[in-house]
Amino acid sequence: MKPTRRFFLTAASLGTLPVWLAGCGFQLRQTNDFAFKTLYANFSTTSPLGVELRRNLLGTGRIELLTEPKQMLQADAILDILSEDRQQVAVGVSATGQVRELQLRLRVRFRLRTPQGVELIEPVELFQQRDLSFNETAALSKEIEMGILYRDMQTDIVQQIMRRLSAVKPRSLPKPTGAAAPAAAPAPEASSNPATRP
């Protein structure tokens, strides 16, 4: 018998829905684990991209985000946003030469490294694009739609960054330097006197 909508609503209100889903082979999405506990944010945390990225990193509840330059060397890893480029390209024009379709593009390059310079994720570029029909008589509404599409692309790229960060393996991080091995005892000096013969 297939579960009805009323069944789901009742189960959710009683708190038994997760148990029922687990019994049917479903698993609820869980927070990703990360190989690092502290992360230095080497990007603007006040830009639209930086704000969303910061919110997602803190939202994991598993990462302490450091933003003060003096804290950089204390972090397990450093996230560099190397560039962010937003473009508007005309891909369709009317017979009179007026723009009829725009292509919105968003490119973000980033990398993940240790304070010692070891690259955990080499510089990589993420790219998103959206098409937007354009009409000069509805310029205001198109501007609002453009902002929505850019936010959608930004969210997609932030999620890609988060997935790549969670894919870093613990063995990729350098092991902390242990105590130095005790120095070997100096070899006994050879006697300068010739051996006494019996």
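Our subject is the structure listed above.
Bear in mind that the values here come from a model prediction, so they are computed numbers and not experimental data. (Residues numbered from 1 in each chain as written. Predicted model: local features only at pLDDT ≥ 70, side-chain atom pairs only at ≥ 80, totals over all residues. Heavy atoms only, no water.)

Visitor: Just to check I follow, could you spell out the pairing of strand 1 (residues 38–42) for this structure?
Guide: The side chains of a regular strand alternate between the sheet's two faces. The buried fraction of strand 1 is high, at four of five residues. Running through helix 3 (residues 48–59), the crossover from strand 1 to the neighbouring parallel element strand 2 (residues 64–66) is right-handed. Note: strand 1 against strand 3 (residues 77–93), four bridges, orientation parallel. Within strand 3, the residue paired with A41 across the bridge is L79. (Buried < 20%, exposed > 50% of the residue type's maximum accessible area, 1.4 Å probe, protein only. Helix = DSSP H or I, 4+ residues; strand = E, 2+ residues; numbered from the N terminus. Right-handed = clockwise from strand over helix to strand, strands pointing away. Pairing = 2+ DSSP bridges.)

Visitor: Quick question: what am I supposed to make of helix 3 here?
Guide: Helical geometry note: an α-helix holds 3.6 residues per turn, so side chains three or four residues apart project in the same direction. With twelve residues, helix 3 ought to run about 16 Å at 1.5 Å a step, and its terminal C-alpha atoms sit 16 Å apart, in line with that. Within helix 3 the residues assigned to the buried category are L49, G50, E52, L53 and L57. Each buried residue of helix 3 lies within a common arc of 165° when the element is viewed along its axis, so the set occupies one face. Every exposed residue of helix 3 that faces more than 90 degrees away from the buried side is listed here: P48, R55 and G59. On its buried face, helix 3 is in contact with strand 1, strand 2, strand 3, strand 4 (99–113) and helix 4 (139–166). (Expected span 1.5 Å × (residues − 1). Arc of directions from axis to C-beta. Contact = heavy atoms within 4.5 Å.)

Visitor: Sorry if this is basic, but what is going on with the sheet that holds strand 4 here?
Guide: Here five strands make up an open sheet; going across it, the order is 2-1-3-4-5 and the pairing mixed. What marks the edges here is a single partner per strand, and that holds for strand 2 and strand 5 (119–133). In this sheet, neighbouring strand axes are inclined to one another by 25° on average, regardless of whether the strands run parallel or antiparallel. On the sheet, helix 3 packs against strand 1, strand 2, strand 3 and strand 4 and is oriented at approximately 130° with respect to strand 3. Helix 4 contacts strand 3, strand 4 and strand 5 of the sheet and is inclined by roughly 155° relative to strand 5. (Axes fitted to C-alpha atoms, helices over the stretch in contact; angles between N-to-C directions.)

Visitor: Before we go on, may I ask you to explain the nonpolar core in this structure?
Guide: One recurring pattern in soluble globular proteins is that nonpolar side chains are buried together. The biggest cluster of nonpolar side chains holds 35 residues, and the ones touching the most others in it are L39, L53, L57, L79, L112 and L165. Counting only elements with at least two residues in this core, the list comes to strand 1, helix 3, strand 3, strand 4, strand 5 and helix 4. Per-element tally for this core: the top contributor is helix 4, with nine residues. (Core = buried A, V, L, I, M, F, W, Y, C linked by side-chain atoms within 4.5 Å.)

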